[in-house]
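# Reading the structure
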Amino acid sequence: MAKEGAQRAEETEQMIEKEGGKEAAEGSAAGSLRAGDTKEMRAVVLSAFGGLNKLRVSKKAMPEPQEGELKIRVKACGLNFIDLMVRQGNIDNPPKTPLVPGFECSGIVEALGDSVKGFEIGDRVMAFVNYNAWAEVVCTPVEFVYKIPDDMSFSEAAAFPMNFVTAYMMLFEVANLREGMSVLVHSAGGGVGQAVAQLCSTIPNVTVFGTASSFKHEAIKDSVTHLFDRNADYVQEVKRISTDGVDIVLDCLCGENTGKGLSLLKPLGTYILYGSSNMVTGETKSFFSFAKSWWQVEKVNPIKLYEENKVIAGFSLLNLLFKQNRGGLIKGVMDKLLNLYSSKKIKPVVDSLWALEEVKEAMQRIHDRGNIGKLILDVEKAPTPLMANDSTETSEAGEEEEDHEGDNENKERMPFIQ
């Protein structure tokens, strides 16, 4: 581990020297405004809401930090299911296009805005960004930036914030996970699912029920207590093992799974909705799919919740950060998570690394639910030539497609690096 930490430090030093000399590493004023800086950068641009053809890599003006912001030379970016929904415009109050997608990244501090304290040029960091993360350079308020441990790689750091903060907040802040409880998590092979499983393992005697596509079972079987095929009748499977049901249900699917999740709750149990991936069935937004998903949602009767002693909740990390101004709360959670990482109790699972120019293929892999863990855009990675059958074309019919979470083995077709 010490050797890896030394390699990370050497990598950081080499990059700083490459970007502008040792003056930057020493944090001098001259180093933060080097004459050789380029004023343009590469970025993934979403030209309009819709399919994969709306994404392209192009040149954009490089941002400069405002008061209270850090300028970060990006090394890696996280790719999440919410990014697919943003691309489709399948979110509430979507921003205007063109825009640069992405909400999390890791990299090296390149410049400091006025009044910024606690960071220096050259620091290795990970950050939340309110869009604009998929670029070579980002600027974001200091309250959303966190230093990276020496033994954490940039790809791991880009896989850390969204997944682990979401999992931690739901388990411990909303559902109050304690010893001996049971948890059902959907998409157990995804980034949040794997984070949930790891965090549950830090509490004694927690039983984790997970659903995932059958082709993922061998890879993730050791991370959960009981694993079910997502297309099977998991409600009956859970009740066969635990007659009373479970204490916590974490639902990123929505639709018919809402009613199933509520039916599985024990008295005083908590159901948490944190996504609606069942609404994304095709490449583009479909009103039919949206309506179908919500039509399957069981109408929640408050009297029934009262009679059955059940709790229903929702969780959106991005809203908590950027709309509800809870950056201080998230900072405390990140401190706890980094302590768990340092004690080797948790570790981000990185599925694959992709060049910026491969963002369409990466998004398709998420759409197919082909990933185990997190997909990462590696800003410095050269694009990998795709094989002839590696098509990024998908049906525009959306409303007539059924998503079976990548049950075909050929959904492992995309190039990736562990």
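This report concerns the structure included in the present document. Source: prediction; values computed, not measured. (Residues numbered from 1 in each chain as written. Predicted model: local features only at pLDDT ≥ 70, side-chain atom pairs only at ≥ 80, totals over all residues. Heavy atoms only, no water.)

## Notes on the overall build of the protein
The helix and strand tally for the protein stands at 15 helices and 15 strands. Taken across its 418 residues, the protein has 56% of its residues classed as buried. Considering only residue pairs separated by 6 or more positions, the protein has 72% of its internal contacts joining residues 24 or more positions apart. Counting only carbon and sulfur atoms, one obtains 50% of the accessible surface of the protein, whose full area is about 18,500 Å². (Helix = DSSP H or I, 4+ residues; strand = E, 2+ residues; numbered from the N terminus. Buried < 20%, exposed > 50% of the residue type's maximum accessible area, 1.4 Å probe, protein only. Contact = heavy atoms within 4.5 Å. Areas by Shrake-Rupley, 256 points an atom, 1.4 Å probe, with all protein chains shown as cover.)

## Some thoughts on the packing of aromatic side chains
Each aromatic ring pair is summarised here by two numbers: the centre-to-centre distance and the angle between the ring planes. Taken as a whole and judged by the stated rule, the model has 7 aromatic pairs. Geometrically, the ring pair formed by F209 and F228 is stacked, given 6.2 Å between the ring centres and 20 degrees between the ring planes. Here F228 lies in strand β10 (residues 226–229) and F209 lies in strand β9 (residues 207–212), a separation of 19 residues in the sequence. Judged by relative accessible area, F209 falls into the buried class, the value being 2%. (Phe/Tyr/Trp six-rings, centres within 6.5 Å; stacked < 30°, edge-to-face > 60°.)

## Section: the pairing of strand β3 (residues 69–79)
With 11 of 11 residues buried, β3 is to be regarded as a mostly interior element. Sheet topology note: the β3/strand β6 (residues 137–141) ladder contains 5 bridges and is antiparallel. Bridging from a neighbouring strand, I72 pairs with V138 of β6. Both β3 and strand β4 (residues 104–112) contribute to a ladder of 7 bridges, which runs antiparallel. Directly across from I72, in β4, lies its bridge partner V109. (Pairing = 2+ DSSP bridges.)

## Considering the environment of C105
Along the chain, the position of C105 falls in strand β4. For C105, a relative accessible area of 1% corresponds to the buried category. For the pair C105 and D378, spaced 273 residues apart in sequence, the C-alpha to C-alpha distance is 9.9 Å. Residues contacting C105, with those up to four places away along its chain left out, are V74, A76, C77, V125, M126, A127, V129, A133 and V138.

## Here's the deal with the pattern of salt bridges
The full count for this structure, using the stated rule, is 15 salt bridges. Here R42 and E357 are joined by a salt bridge, their closest N and O atoms 2.9 Å apart. On the criterion of sequence distance, the pair formed by R42 in strand β1 (residues 40–46) and E357 in the loop between β14 (350–354) and α15 (359–367) is long-range, its members being 315 residues apart. Here E358 makes a salt bridge to K381, at a shortest N to O gap of 3.5 Å. Separated by 23 residues along the polypeptide, E358 in the loop between β14 and α15 and K381 in the segment after β15 (374–378) bring together distant segments of the chain. We classify K381 as buried; its relative accessible area is 14%. What you see here is one network of salt bridges that share partners, running through E64, K71, R73 and E110. (Salt bridge = Lys/Arg side-chain N within 4 Å of Asp/Glu carboxyl O.)

## Some details on the nonpolar core
One finds F128, W134, F160, L199, L250, I330 and L337 to be the most contacted residues of the largest nonpolar core, which totals 100 residues. Here the element with the most residues in this core is helix α6 (residues 161–174); it accounts for 9 residues. Counting residues in hydrophobic clusters, the runner-up holds 12 residues, among them F228, V235, V238 and V246. (Core = buried A, V, L, I, M, F, W, Y, C linked by side-chain atoms within 4.5 Å.)

## Points about the sheet that holds β9
Reading across from one edge, β10-β9-β8-β11-β12-β13 is the order of the 6 strands in this open sheet, with parallel pairing throughout. The two strands at the open ends of the sheet, each matched to only one other strand, are β10 and β13 (311–314). Between one strand and the next, the sheet's axes are offset by a mean angle of 15 degrees, whatever the strand orientation. Direction of pairing for strand β8 (residues 182–185) relative to strand β11 (residues 246–251): parallel, over a ladder of 3 bridges. Looking at β11, one finds that V185 is bridged to L250. Packed on one face of the sheet, helix α7 (residues 191–200) meets β8, β9 and β11 and runs near 170 degrees to β8. (Axes fitted to C-alpha atoms, helices over the stretch in contact; angles between N-to-C directions.)

## Here we look at the packing of α6 against α7
Where α6 contacts α7, the two axes come as close as 8 Å, and the packing angle between them is 50 degrees. Regarding the angle of α6 to α7, the classification is oblique. For α6 against α7, the interelement crossing comes out right-handed. Along the contact surface, α6 presents N163, F164, T166, A167, Y168, M170, L171 and F172, while α7 presents G191, V192, A195, V196, Q198, L199 and C200. Among the residues forming the contact of α6 with α7, the class breakdown is 11 nonpolar, 4 polar and no charged. (Parallel < 35°, antiparallel > 145°, perpendicular 65-115°, else oblique. Left-handed = near helix turned anticlockwise from the far one by under 90°. Nonpolar A, V, L, I, M, F, W, Y, C, P; charged D, E, K, R; others polar.)

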